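# Close look at the chain arrangement
Here is what each chain is made of, one letter per residue.
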Amino acid sequence: MSLTSERLQDAYRQMLVIRKFEEAIRSLYQAGKIRGSFHPCVGQEATAVGGCWALRQDDYMTCTYRGHGQAIAKGLSIHAAMAEMLGKATGCSKGKGGSMHFTDPSVGLLGANAIVAAGIPHAAGAALASQLQKKDNVALAFFGEGAVNQGVFFETLNLAVIWKLPLILVCENNLYSEMTPSHETTLNVETYKRAEAFGIEAVQIDGNDLEWMYDTVERAVSKARAGEGPIYIEAMTYRLWGHMMGDPEIYRTKEEVAKAHENEPILRLGRRLIALGCSEADLARFNSEAEVIIADALQFAESSPVPEPADAFTDVFV
Ligand SMILES: Cc1ncc(C[n+]2csc(CCOP(=O)(O)OP(=O)(O)O)c2C)c(N)n1
């Protein structure tokens, strides 16, 4: 069932929180308060919220280093996310993972991953576990279009379809892999056609359209839960900021980015809410509320302790 007008407002609010989270991280990064890399998801908030809201909390999700928004949309607390960014003991990975390793099994977040395509077999593994245990939980893997050139992508799709795994494969196609336009590395840039070649039902949608994203994933979830196997969703989107902090962005024009701003998901959902009866004042209020949420998380994270030196030896395999 499609999202009601109230739920659309909630989705808009969450997308604003995610956008402001990334803006806050950028400021912290520029102030030298964040170590390691930061790969912003600004412009890709609709795939995150639309995708995750179609899941139950006990469904599984894996994402990439660009997965802050997805983690928050799946239910990761903003406080734990912010604290993790600052390397604090109250972070979701106890301050030892940072930006690229957000994890919270209690909300089905099996982990962000710095290795391109690595979350795809992890999600398939969770889907297989669910199937073997005769549970109805599904697993969703978010990945970029660069991941579809990895061998593990092909191996996973092959097994997922023959085993009818309850797996939803969501490719966020933002047109660039790091600093390389996809068409320079791949002749057929329509990634969903690769999934079709394996016999997997595959669709390509506008990932900046929150409702389209939600409805598509919801249908995929119903199919997967019913034991009918995987679906591949290619969600077309655009990364409005650089690949990471410090990206000189010499591989695309300012005009292209400016045009993409006109099509960005928060602006579009805002217009839709106005058409549904919200006022500009309502949108401004949602904006202020999101700012308060982020300020509160920042205050929590900054006042949290750093991990104890002895913690370096806990939660590790060897
Ligand atoms: C296996 C592997 N190879 C290379 C890299 C370096 N790398 C980091 S991000 C990236 C681009 C991936 O692009 P895409 O999958 O389209 O995702 P996006 O960054 O656009 O979200 C690459 C090649 C890596 N992290 N892992």
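Going by the structure above, here's the rest.
Presented here is a report on the structure given in the accompanying data block.

With that settled, consider the packing of aromatic side chains. Taken as a whole and assessed by the stated rule, the structure comprises eight aromatic pairs. For the ring pair Phe153 and Phe154, a centre distance of 5.4 Å and an interplane angle of 85° mean the geometry is edge-to-face. Assessed through its relative accessible area of 0%, Phe153 is described here as buried. With a centroid separation of 6.4 Å and 85° between ring planes, the pair formed by Tyr176 and Tyr238 is classed as edge-to-face. Placement of Tyr176 in strand S5 (residues 176-177) and of Tyr238 in the loop between strand S8 (231-236) and helix H9 (254-261) is noted, with a sequence separation of 62 residues between them. By relative accessible area, Tyr176 is classed as buried at 8%. An aromatic cluster of at least three residues, connected via ring pairs, comprises Phe143, Phe153, Phe154, Phe198 and Tyr232. The residue whose ring lies beneath Arg26 is Trp241, and the NZ or CZ to ring-centre distance is 3.8 Å. Lying over the aromatic face of Tyr176, Arg252 brings its terminal NZ or CZ to 5.8 Å of the ring centre.

The N-to-C vectors of helix H4 (residues 78-85) and helix H11 (residues 280-303) enclose an angle of 50°; their axes lie 8 Å apart at closest approach. The orientation of H4 relative to H11 falls into the category oblique. For the element pair H4 and H11, the recorded crossing hand is right-handed. Contact residues: Ile78, His79, Met82 and Ala83 in H4; Ile293, Ile294, Asp296, Ala297, Leu298, Phe300 and Ala301 in H11. Class assignment of the residues belonging to the contact of H4 with H11 gives a composition of nine nonpolar, one polar and one charged.

All chains considered together, the criterion is met by 20 salt bridges. Notably, a salt bridge pairs Arg56 with Asp136, separated by 2.7 Å at the nearest N-O pair. Of the two residues, Arg56 is situated in the loop between helix H2 (45-53) and strand S1 (60-64) and Asp136 in the loop between helix H5 (119-132) and strand S3 (139-144); the sequence distance between them amounts to 80 residues. On the basis of relative accessible area, Arg56 is assigned to the partly exposed category, the value being 31%. The partly exposed category is assigned to Asp136, whose relative accessible area is 37%. Its salt-bridge partner being Glu211, residue Arg272 comes within 2.5 Å of it at the nearest N-O pair.

Strand order in the open sheet formed by six strands is S2-S1-S3-S4-S8-S7, and the pairing between neighbours is parallel. Looking at strand neighbours, the two that pair on one side only are strand S2 (109-113) and strand S7 (201-206), the edges of this open sheet. Within this sheet the neighbouring strands show an average axis-to-axis angle of 15°, counted without direction. Where S1 and S2 come together, four bridges link them in parallel fashion.

On to the site of the ligand, then. Residues in close proximity to the ligand total 15 residues, the closest being Tyr65, Arg66, Ala114, Gly146 and Tyr176. Between Val116 and the ligand, the recorded distance is 3.1 Å, taken from a backbone N or O atom to a nitrogen atom. In the environment of the ligand, an oxygen atom lies 3.2 Å from a nitrogen or oxygen atom belonging to the side chain of Ser177. When isolated, the ligand has an accessible area of 580 Å², and the protein chains bury 73% of it. Grouping the amino acids of the shell around the ligand by side-chain chemistry returns six nonpolar, six polar and three charged.

Where H5 contacts helix H6 (residues 151-162), the two axes come as close as 9 Å, and the packing angle between them is 20°. Here H5 is positioned roughly parallel relative to H6, judged by the angle of their axes. For the pair H5 and H6, the sense of crossing is left-handed. Residues Ile120, Pro121 and Ala124 of H5 lie in contact with H6, whose contacting residues are Val152, Phe153 and Thr156. Looking at side-chain class alone, the contact of H5 with H6 contains five nonpolar, one polar and no charged residues.

Among the surface-exposed residues, Leu159, Ile162 and Trp163 lie close enough to one another that they form a single nonpolar patch of about 320 Å² accessible area. Assignment of secondary structure puts Trp163 in the loop between H6 and strand S4 (167-173). Look at Trp163 and you get partly exposed, because its relative accessible area is 42%.

The rules we used
- Counting restarts for each chain: residues are numbered from 1 in the order of the written sequence.
- Confidence filtering applies because this is a predicted model: local features only for residues at pLDDT of at least 70, side-chain atom pairs given and counted only at 80 or more, and all residues used for totals across whole chains, interfaces and linings.
- Side-chain measures here rest on the full set of heavy atoms in the structure, leaving out hydrogens and waters.
- Aromatic pairing here means that ring centres of Phe, Tyr or Trp (its six-membered ring) are within 6.5 Å. Orientation follows from the plane angle: under 30 degrees is stacked, over 60 is edge-to-face, and everything else is tilted.
- Accessibility here uses a 1.4 Å probe with only protein chains present; expressed as a share of the type maximum, an area under 20% marks a residue as buried, one over 50% as exposed, and anything in between as partly exposed.
- By definition, any uninterrupted DSSP run of H or I lasting at least four residues is a helix, any uninterrupted run of E lasting at least two residues is a strand, and each is numbered from the N terminus.
- A ring has a charge above it when a Lys NZ or an Arg CZ is no more than 6 Å from the ring centre and no more than 35 degrees off the ring normal.
- Helix axes use the C-alpha atoms of the stretch in contact, all axes being lines fitted to C-alpha atoms, and the angles between their N-to-C directions lie in the range 0 to 180 degrees.
- The scheme is simple: roughly parallel for angles under 35 degrees, roughly antiparallel for over 145, roughly perpendicular for 65 to 115, oblique for anything else.
- A clockwise turn of the near helix away from the far one marks a right-handed crossing, whereas an anticlockwise turn of less than a right angle marks a left-handed crossing.
- When checking whether two residues touch, look at their non-hydrogen atoms; a contact exists if any pair is within 4.5 Å.
- Residues are grouped as follows: Ala, Val, Leu, Ile, Met, Phe, Trp, Tyr, Cys and Pro are nonpolar; Asp, Glu, Lys and Arg are charged; every other residue, Gly included, is polar.
- Note on definitions: salt bridges are taken to be side-chain nitrogens of Lys or Arg within 4 Å of carboxyl oxygens of Asp or Glu.
- Strands were regarded as paired on the criterion that DSSP finds at least two bridges between them.
- What makes a residue near a molecule or strand is one non-hydrogen atom of that residue sitting within 4 Å of it.
- The term polar contact refers here to a pair of N or O atoms within 3.5 Å; inside protein, the definition further demands a hydrogen-donor-capable atom paired with an acceptor-capable atom, and it admits residues adjacent in sequence only when both atoms are side-chain atoms.
- Surface exposure here means Shrake-Rupley accessible area, sampled with a 1.4 Å probe, where a residue is shielded only by the protein chains that are shown.
- Any residue with relative accessible area above 30% and no salt bridge may belong to a patch, with like charges joined within 9 Å and the nonpolar Val, Leu, Ile, Met, Phe, Trp and Tyr side chains within 5 Å.

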